[in-house]
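Tertiary structure, described
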There are 2 protein chains.
Amino acid sequence: MAAESNGGADMESLTQPLLRSQRSSVINSTSQVAMVGANVCPIESLDYEIAENDFFKQDWRARGKVQILQYMFMKWLLSFLIGVIVSLIGFFNNLAVENIAGIKFVVTSNMMLAKRYSAAFLVFGISNFVLTLFPAVITSYVSPAAAGSGIPEVKAYLNGVDAPGIFSLQTLVVKIFGSISAVASSLFIGKAGPMVHTGACIASLLGQGGSKRYRLTWKWLRYFKNDRDRRDLITSGSAAGIAAAFRAPVGGLLFALEEMASWWRSALIWRAFFTTAVVAIILRALIDFCLSGKCGLFGKGGLIMYDVTSTDVMYHLSDVPPVLILGFVGGLLGAFYNFLLAKVLRLYSLINEKGAINKILLACWISIFTSCLLFGLPWLASCKACPADAGEACPTIGRSGNYKKFQCSYGEYNDLASLIFNTNDDAIKNLFSKDTDSEFQWSSLIIFFLTCFFLSIVSYGVIVPAGLFVPVIVTGASYGRLVGMLMGSHSNLNHGLFAVLGAASFLGGTMRTTVSLCIILLELTNNLLLLPLMMVVLLISKTVADAFNENIYDIIMKAKGFPYLENHAEPYMRQLTVGDVVTGPLQTLNGIEKVGNIVYMLRNTRHNGFPVVDEPPMSVSPVLFGLILRAHLIELLKGRAFSPTPEYMDSDMLGQFSANDFAKKGSGHGDSIEDIEFSEEELAMYVDLHPFTNASPYTVVETMSLAKALVLFREVGLRHVLVIPKLSGRSPVVGILTRHDFMPEHILNLHPSLLRSRWKRLRFQFPSIFKLF
Amino acid sequence: MAAESNGGADMESLTQPLLRSQRSSVINSTSQVAMVGANVCPIESLDYEIAENDFFKQDWRARGKVQILQYMFMKWLLSFLIGVIVSLIGFFNNLAVENIAGIKFVVTSNMMLAKRYSAAFLVFGISNFVLTLFPAVITSYVSPAAAGSGIPEVKAYLNGVDAPGIFSLQTLVVKIFGSISAVASSLFIGKAGPMVHTGACIASLLGQGGSKRYRLTWKWLRYFKNDRDRRDLITSGSAAGIAAAFRAPVGGLLFALEEMASWWRSALIWRAFFTTAVVAIILRALIDFCLSGKCGLFGKGGLIMYDVTSTDVMYHLSDVPPVLILGFVGGLLGAFYNFLLAKVLRLYSLINEKGAINKILLACWISIFTSCLLFGLPWLASCKACPADAGEACPTIGRSGNYKKFQCSYGEYNDLASLIFNTNDDAIKNLFSKDTDSEFQWSSLIIFFLTCFFLSIVSYGVIVPAGLFVPVIVTGASYGRLVGMLMGSHSNLNHGLFAVLGAASFLGGTMRTTVSLCIILLELTNNLLLLPLMMVVLLISKTVADAFNENIYDIIMKAKGFPYLENHAEPYMRQLTVGDVVTGPLQTLNGIEKVGNIVYMLRNTRHNGFPVVDEPPMSVSPVLFGLILRAHLIELLKGRAFSPTPEYMDSDMLGQFSANDFAKKGSGHGDSIEDIEFSEEELAMYVDLHPFTNASPYTVVETMSLAKALVLFREVGLRHVLVIPKLSGRSPVVGILTRHDFMPEHILNLHPSLLRSRWKRLRFQFPSIFKLF
């Protein structure tokens, strides 16, 4: 056995810690600040710990049956409201996109019919340009946080990373209208990601409840003024977002749970299920209404729901090998896609750093480039004669349909235009459709696939709200169709099914989720019998792609510098003790502290938690009393419950505070220490911190391994963990662990020798060919 | 604001703990033993904590790339094997049931055709009797743990409760063959629950890997000798069980995650998804094979997969109100079902206590009673003329089909016999079938519904492997059909769809899961368009039923006395500190302890963890070194690394132990202290506990509220938490928290005054009318 065979060698190291020599040689002054290295913007950690100070206890004890009923009622009411609002926005979104893009295509097509090709191109190009310019401008100037898909931001938030401004009202408005305009502008981007962000925004704003400035906050909402309940609401909101984008209620729920959420429990599933059910029912009712033709160009095709085939899918074991290969290549393509996208994003960030004008210019250039491609490429395809047995009008004169006329004469259609000169939703519908095995030409599909692949990569990074889901589905579907044509008559599956499997493989290769993608695709295509094949494809493509890089959202999240806390420990974390990473000067407060000291400490550090230690005059030896949060200290100072001598606070003074003051403020709503003025006299007074201190913080002993401390930190969802010494007699607390201390960059920076050690990265990875680029 | 308005009254209590007066007046000598009040069988807790002793560290450090690859390879190999074996057993199970029950029904029907009614009844009754007797006998005498569904046991295991014998080889064998025989015996029981238990058993046995006695344990499996990896395997196994029972891979996975698992993470979803995909593919291949007719009577209907309808389901808002009412009543029925089942189980437990013979007699009586009912009731129904446009042969002469002849003449059929004198799978198929709105009579359906409802309640508790899923689906489907008939032509939904919704409502009312039931029913009926209605029905029925009692598995689990750790804290736990519940004499060991003391302590307590404290001669003041587990102490004593004087262990002595000795043994495989003999001389010697002690146990301060400690205990998955004093100078550890200390029974027993306090049960509940019974 390996452990025994080299037992002799290891025996010596048993009594020696691994890194003793380097200990305390590095000063890490940021270890109390929850923010990450490269990006110095004030990203804060969320705190899911129950801060058990006297005020919190008072609030708990005061909660009777009525309060608990209020709380439960509000939870369900908010879940219901999230469902209603998100589904209405999702519907409005689709309605607007279909109508705006529809009018654009109808006008252009009519000009094409009249053979006024250059006028058609001008109309097409200019409308796309304007539709791109609008979201680019509002995103740049009103809310830069609304750019991109938003899924990485929400995922980071649900992991406990609070990036500023991501859930503000401005972001919501920009996200909704920006997304509509950007999607309608024929940019090669999706609407699912922005819908997720929209859902999360709505959930956050509802939980925050109105404007505090105008005293509109409903007092029943005060129970939601903590990070735990906000987290639950935002999880439901993001589930509702996907549910509304794809009309996939169960898929949306599972996506939120599998991909987005870092913490969840049965009760949350159940409430999120309620939210997505509300979404499903409202969307169904609205679509029923639209079927009667009152929604303009929305028509039947609005919300994507591709009915692949209603006949039984029969496939045999002989169909499995091509599907395996499809999954394998799909995984490779997905990993390559992620790699390229990361490179392009890095390139774009250089451009974007140079100011808002450059961002907008970039968006404009991409729009012009896209218009040229979409209008120009179909000319490369030769016209095909309409099939005699076509199930629908050929060529299609209206907006959607399998057979676009474009420049062809009557009785013919342009297969490439049917895909490329169309909305993405319609392109997917064309690719997924059955009984159309001979519709597309080799050359057209190859051109379409390559266009999709590269155009979606260069389009994602522009400064507009932009999703990745739909572009990835289109690209994957065209890839699947190609495989289907390659198989020809050797397979029992028709090309539409190959397109579905291709989409699954490419989604698996980029997004890397399994169950939720499976269910989303099932709900999109309404075909359960494909399930086993879909599962195999997803498994293979995810496995293959995982060998090369991470999923696309994690890549974007890391590029943005969010300190995402992984669920698993890196191998070298087992070798390090907690004491190896917490170093630097620890700032502690006395149980009864001088106001001046507190103010000095708050102004000169950015720490968010301070250990409170009762020092000898108040106790026999220094005793750790607890941990006090910066926000609570500021509230306390604002109350000015000071006394001239060090003494315990009496109940009169306590009475001037209410538990509500100590509730967690929404992101960006907290006061800053710089806003409070103190007189010299006040600074010399004392304040009793005991009633405001969390008297039972979670602690770990300094000899605990970092991996084990991570389990506590991650599972319980903490912001601070106090590190206590192994031996008594020294200071009762030796440090504070924060999210920052678990970040690999921080640890490897503290202990560069780990970079060369064999524990650095033991995870299984193929020698990454992509690193050669 | 409420908190403010009574702030004055609460202000006084702020500085006073709630229960000071009662503190330490109650001696709780069992607080270190993880076992529950009423049942004194040795139920142990599982331990998901990383025990960081020197040996563990050695093992971790010794793991290089090769070991990690071994571990990863084994994880996937085991997931694959679980899938393969569970699907083969599931298929075998169905094949056997369909053939045994099929032959029985064919023989009986042939006799009925020949009008030899009493002979038919004799054959039917006697074969049922024998088929019931066999599982009753083997369950009673070979493995009583195999009785019932097994889902409560697996659920408790995944929560950290290790009941003895539930995953032994005997249990597996009894479960498989007992379930086949019992289901074939026309007892009104299901096969899904036993399949879940079978899957979990297989996963556990595979992870344990062969027999240790015969040295067959594969050394690559040593990485799985801990509770964390076993938990993961068993989660996958139970997912595979449902997947195989219903051929619902995604539904099975979600059921395992939503209902069974207490802990899970993304990586686990992904591996369990792989397992259920393997199940789906193998089952598909086997069924393809059987479609060629080589599986006897298995035929097309074997594994349940009810193709409800392939045409589009159209429904409008007017269909929603009846569906809401259906869900509401379904919830009431489900709650009533749970209530009755709990009562019957309590009654049966009185009978079962009187020995194996009584249990078997009970099973026999139920079998005879069932046979009489199934054979007798159809005589009450009048014969109906076959419809002219029947889609299939009428009357059906073979085994399955919608139109059973029973006693009727040619050209007629007995609708009640079509349901009741049939396997449950076929009854469900008949109820779910479309275009059969006029097939059933009012009277027949009412009789059938009542029979199902009460017969399944009395059948579940008999001493055979018995599931609840299928009986609940049958009962719910007949209820749904009744509602459909009541609606008549007022609804656009056909009666088959009403049956599906009825099954959903009754499942929601008893099982109380949402997403997984939704997906299981979708996979069973292959109709995605029903999804929104199904979601609404499940939501309503669960909400209604939750107001009355718990879900059926939790009721059974509590009746069995498993100390299940809930995810949420009871309101009164916020009022108690950890110090209020840990009392009683604490047993601590010295860092270097006399062998005699250890042996004495192990023999005279049943504690599973002991704090190790370094006392003054070895340190300046008493210092908490860590926590040592009973199992590790026993290994240490077995190694006899004693020294005559108190001294640290040298590396020679350490070398005689290997990390593998300290791996967690499988359930029931550990040694007992009673098995080891010590000489007088040895008892007077000393042993150094330091290298074997977990030097970084999780600790909480004694003033932490119980609710907050529960968060740590539950989220991290602990077995012991050390309680440290607030003030230093006293003993460095004041107690140990175990699972037992969080059980409401234990707490209310310690502090009876809480029973009368307003915090006792603040959870929202309707005044339970059932309590009047």
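Residues numbered from 1 in each chain as written. Chains lettered and ligands numbered in written order. Predicted model: local features only at pLDDT ≥ 70, side-chain atom pairs only at ≥ 80, totals over all residues. Heavy atoms only, no water.

As annotated in an unreviewed UniProt entry, chain A is Chloride channel protein from Trapa natans. Here is the UniProt Sequence similarities (unreviewed entry) comment for chain A, exactly as written: "Belongs to the chloride channel (TC 2.A.49) family." (UniProt positions renumbered as here; feature names shortened; annotations may be inferred.)

A count of helices and strands for chain A gives 29 helices and 12 strands. Restricting to contacts in chain A with at least 6 residues of sequence separation, those with at least 24 account for 79%. By element, 62% of the accessible surface of chain A is carried by carbon and sulfur atoms, the whole surface being about 27400 Å². (Helix = DSSP H or I, 4+ residues; strand = E, 2+ residues; numbered from the N terminus. Contact = heavy atoms within 4.5 Å. Areas by Shrake-Rupley, 256 points an atom, 1.4 Å probe, with all protein chains shown as cover.)

To characterise two packed helices, one gives the angle between the axes of the helices and the distance between these axes. Residues and elements named next belong to chain B. At a minimum axis distance of 9 Å, the contact between helix α10 (residues 249-260) and helix α11 (residues 266-291) shows a crossing angle of 145°. Considering only the axes of α10 and α11, their crossing is right-handed. Where α10 approaches α11, its residues Pro 249, Leu 253 and Leu 257 are matched on the opposing element by Ile 269, Ala 272, Phe 273, Thr 276 and Ala 280. (Axes fitted to C-alpha atoms, helices over the stretch in contact; angles between N-to-C directions. Left-handed = near helix turned anticlockwise from the far one by under 90°.)

Residue and element names in this part refer to chain A. Within this structure's numbering, the places UniProt gives as "transmembrane region" (unreviewed entry) are residues 76-96, 117-138, 268-287, 320-340, 360-381, 442-475, 496-522 and 528-548. As a span, residues 117-138 carries 100% helix and 0% strand, and end to end its C-alpha atoms are 32 Å apart. As a span, residues 496-522 carries 85% helix and 0% strand, and end to end its C-alpha atoms are 14 Å apart.

The next subject is the environment of B:Leu340. All names here are of chain B. Within the element layout of this structure, Leu 340 appears in helix α12 (residues 320-352). By relative accessible area, which is 18% here, Leu 340 ends up buried. Placed 212 residues apart in sequence, Leu 340 and Asn 128 show a C-alpha to C-alpha distance of 25 Å. Residue contacts for Leu 340: discarding those within four places in its chain leaves Phe 453, Phe 454 and Ile 457. (Buried < 20%, exposed > 50% of the residue type's maximum accessible area, 1.4 Å probe, protein only.)

Here we come to the confidence of the model for chain A. Across chain A, the average pLDDT comes to 82, with 86% of residues at 70 or higher. For residues 759-773 of chain A, every residue scores under 50 in pLDDT, and the model assigns this stretch 33 contacts once sequence neighbours within four places are set aside. (pLDDT = per-residue confidence, 0-100.)

Applying the stated criterion across every chain, the model contains 65 aromatic pairs over all chains. Taken together, a centroid distance of 5.9 Å and an interplanar angle of 45° make the contact between A:Phe105 and A:Phe124 tilted. With A:Phe105 in helix α4 (residues 65-113) and A:Phe124 in helix α5 (residues 117-141), this pair connects stretches of sequence that are 19 residues apart. Relative to A:Phe469, the ring of A:Phe255 has its centre 5.5 Å away and its plane inclined at 65°; by these criteria the two rings are edge-to-face. Of this pair, A:Phe255 sits in helix α10 (residues 249-260) while A:Phe469 sits in helix α17 (residues 469-487), placing them 214 residues apart in sequence. Residue class for A:Phe469 comes out buried when judged on its relative accessible area of 1%. Counting every residue linked through ring pairs, the aromatic cluster contains A:Phe105, A:Tyr117, A:Phe121, A:Phe124, A:Phe375, A:Trp379, A:Phe406 and A:Phe421. When the ring centre of B:Phe625 is taken as origin, the NZ or CZ atom of A:Lys726, which lies over that ring, is 4.7 Å away. (Phe/Tyr/Trp six-rings, centres within 6.5 Å; stacked < 30°, edge-to-face > 60°. Lys NZ or Arg CZ within 6 Å of the ring centre and 35° of its normal.)

Let us look at the sheet that holds strand β7 (residues 609-614) of chain B. All names here are of chain B. With respect to topology, three strands assemble into an open sheet ordered β5-β7-β8, the strand pairing being mixed. With partners counted over all chains shown, the strands left at the sheet margins are β5 (589-590) and β8 (623-629), one partner each. Pairing between β7 and β8: six bridges, direction antiparallel. Among the inter-strand pairings, Pro 611 is bridged to a residue of β8, identified as Leu 627. Helix α24 (residues 630-639) rests against β5, β7 and β8 of the sheet, and its axis sits at about 85° to β8. (Pairing = 2+ DSSP bridges.)

Attention now moves to the nonpolar core. Ranked by internal contacts, the top residues of the largest apolar core, which has 342 residues, are A:Phe246, A:Phe469, B:Phe246 and B:Phe469. At 14 residues, helix α4 (residues 65-113) of chain B tops the list of elements feeding residues into this core. Discounting chain neighbours no more than four positions away, the residues touching B:Phe469 are B:Ala192, B:Ile242, B:Phe246, B:Phe255, B:Leu507, B:Met511, B:Leu517, B:Ile520 and B:Tyr553. Counting residues in each nonpolar core, the second largest holds 59 residues, with A:Trp60, B:Met704, B:Leu737 and B:Ile747 among its members. (Core = buried A, V, L, I, M, F, W, Y, C linked by side-chain atoms within 4.5 Å.)

It is worth spelling out unusual backbone geometry at this point. Its identity as a non-glycine residue notwithstanding, A:Arg512 has a phi of 70°, on the positive side. Along the chain, A:Arg512 turns up in the loop between α18 (495-510) and α19 (515-525). On the accessibility criterion, A:Arg512 (5% relative accessible area) is buried. Not every positive phi belongs to a glycine, and B:Arg247 is a case in point at roughly 55°. Within the element layout of this structure, B:Arg247 appears in the loop between α9 (227-246) and α10.

Looking now at the side chain of A:Asp580. All names here are of chain A. Here Asp 580 lies in helix α22 (residues 578-581). Given the relative accessible area of 7%, Asp 580 is considered buried. At a separation of 2.9 Å, a polar atom in the side chain of Asp 580 contacts the main-chain amide nitrogen of Thr 577. (Polar contact = N/O pair within 3.5 Å; in protein donor to acceptor, adjacent residues only side chain to side chain.)

Glancing now at the pairing of strand β7 (residues 609-614) of chain A. Residues and elements named next belong to chain A. Across the six residues that make up β7, a large majority, six, are buried. The pairing of strand β5 (residues 589-590) with β7 spans two bridges and is classified as parallel. Bridge pairing in β7 places Leu 589 opposite Val 612.

Residue and element names in this part refer to chain B. One can find Leu 637 in helix α24. Sequence separation between Leu 637 and Glu 677 is 40 residues, and the spatial gap between their C-alpha atoms is 9.9 Å. Not counting the four nearest positions on each side in its chain, Leu 637 is found in contact with Val 595, Ile 598, Val 599, Leu 602, Phe 642, Ile 673 and Phe 678.

Turning our attention to the sheet that holds β5(A). All names here are of chain A. Reading across from one edge, β5-β7-β8 is the order of the three strands in this open sheet, with mixed pairing throughout. Looking at which strands have only one partner, the edges of the open sheet turn out to be β5 and β8 (623-629). Together, β5, β7 and β8 form the strand contacts of helix α24 (residues 630-639), whose direction differs from that of β8 by roughly 85°.

Further remarks concern the pairing of strand β11 (residues 721-724) of chain A. Residue and element names in this part refer to chain A. Residues Val 721 and Val 723 line one face of β11 and the alternating positions Leu 722 and Ile 724 line the opposite face, and both faces are buried. Across three bridges, strand β10 (residues 699-701) lies against β11 in parallel orientation. Along β11, the bridge assignment pairs Thr 699 with Leu 722. In this fold, the crossover linking β10 to β11 by way of helix α27 (residues 706-716) has right-handed handedness. Bridge count between β11 and strand β12 (residues 735-737): three bridges; the pairing is antiparallel. Bridged to Val 721 within β12 is Leu 737. (Right-handed = clockwise from strand over helix to strand, strands pointing away.)

This brings us to the pattern of salt bridges. Summed over the entire model, instances satisfying the criterion amount to 28 salt bridges over all chains. Salt-bridge contacts for B:Lys708 lead to A:Glu49; the nearest nitrogen and oxygen are separated by 2.9 Å. Taken together, the positions of B:Lys708 in helix α27 (residues 706-716) and A:Glu49 in the loop between β1 (44-45) and α3 (54-62) put the pair across two chains. In this structure, B:Lys708 and A:Glu49 share a single accessibility class: buried. Between B:Lys560 and B:Glu153 there is a salt bridge whose closest N-O contact spans 2.4 Å. Of the two residues, B:Lys560 is situated in the loop between α21 (552-559) and α22 (578-581) and B:Glu153 in helix α6 (residues 151-159); the sequence distance between them amounts to 407 residues. The exposure class of B:Lys560 is partly exposed, given its relative accessible area of 31%. Beyond isolated ion pairs, a larger network of salt bridges with shared partners links A:Lys155, A:Glu259 and A:Asp554. (Salt bridge = Lys/Arg side-chain N within 4 Å of Asp/Glu carboxyl O.)

Looking now at helix α13 (residues 356-376) of chain A. Residue and element names in this part refer to chain A. The terminal C-alpha atoms of α13 lie 30 Å apart, and with 21 residues this matches the ideal 30 Å at 1.5 Å per residue to within 8%. Those residues of α13 that sit buried are Lys 359, Ile 360, Leu 362, Ala 363, Cys 364, Ile 366, Ser 367, Thr 370, Ser 371, Leu 374 and Phe 375. Check the buried side of α13 and you find it contacts α4, α5, α12 (320-352), α14 (415-420) and α16 (442-460). (Expected span 1.5 Å × (residues − 1).)

Looking now at helix α21 (residues 552-559) of chain A. Working note: α-helix, 3.6 residues per turn, so residues spaced by three or four point in the same direction. Residues and elements named next belong to chain A. Burial within α21 is extensive, with six of its eight residues counted as buried. Turning to α21, its buried residues are Ile 552, Tyr 553, Asp 554, Ile 555, Ile 556 and Met 557. For α21, the elements touching its buried residues are α6 (151-159), α10, α12, α16, α17 and α18. In the segment just after α21, Gly 561 is the residue with positive phi, at about 85°.

Residue and element names in this part refer to chain A. On the surface, Leu 133, Val 137, Tyr 141, Val 142, Ile 357, Leu 361, Trp 365 and Ile 368 cluster together into a nonpolar patch covering about 760 Å² of accessible area. Those elements giving two or more residues to the nonpolar patch turn out to be α5 and α13. For the nonpolar patch, the element with the most residues is α13, which contributes four residues. Looking at where Trp 365 falls in the secondary structure, it is placed in helix α13. (Patch = residues over 30% accessible without salt bridge, like charges linked within 9 Å, V, L, I, M, F, W, Y side chains within 5 Å.)

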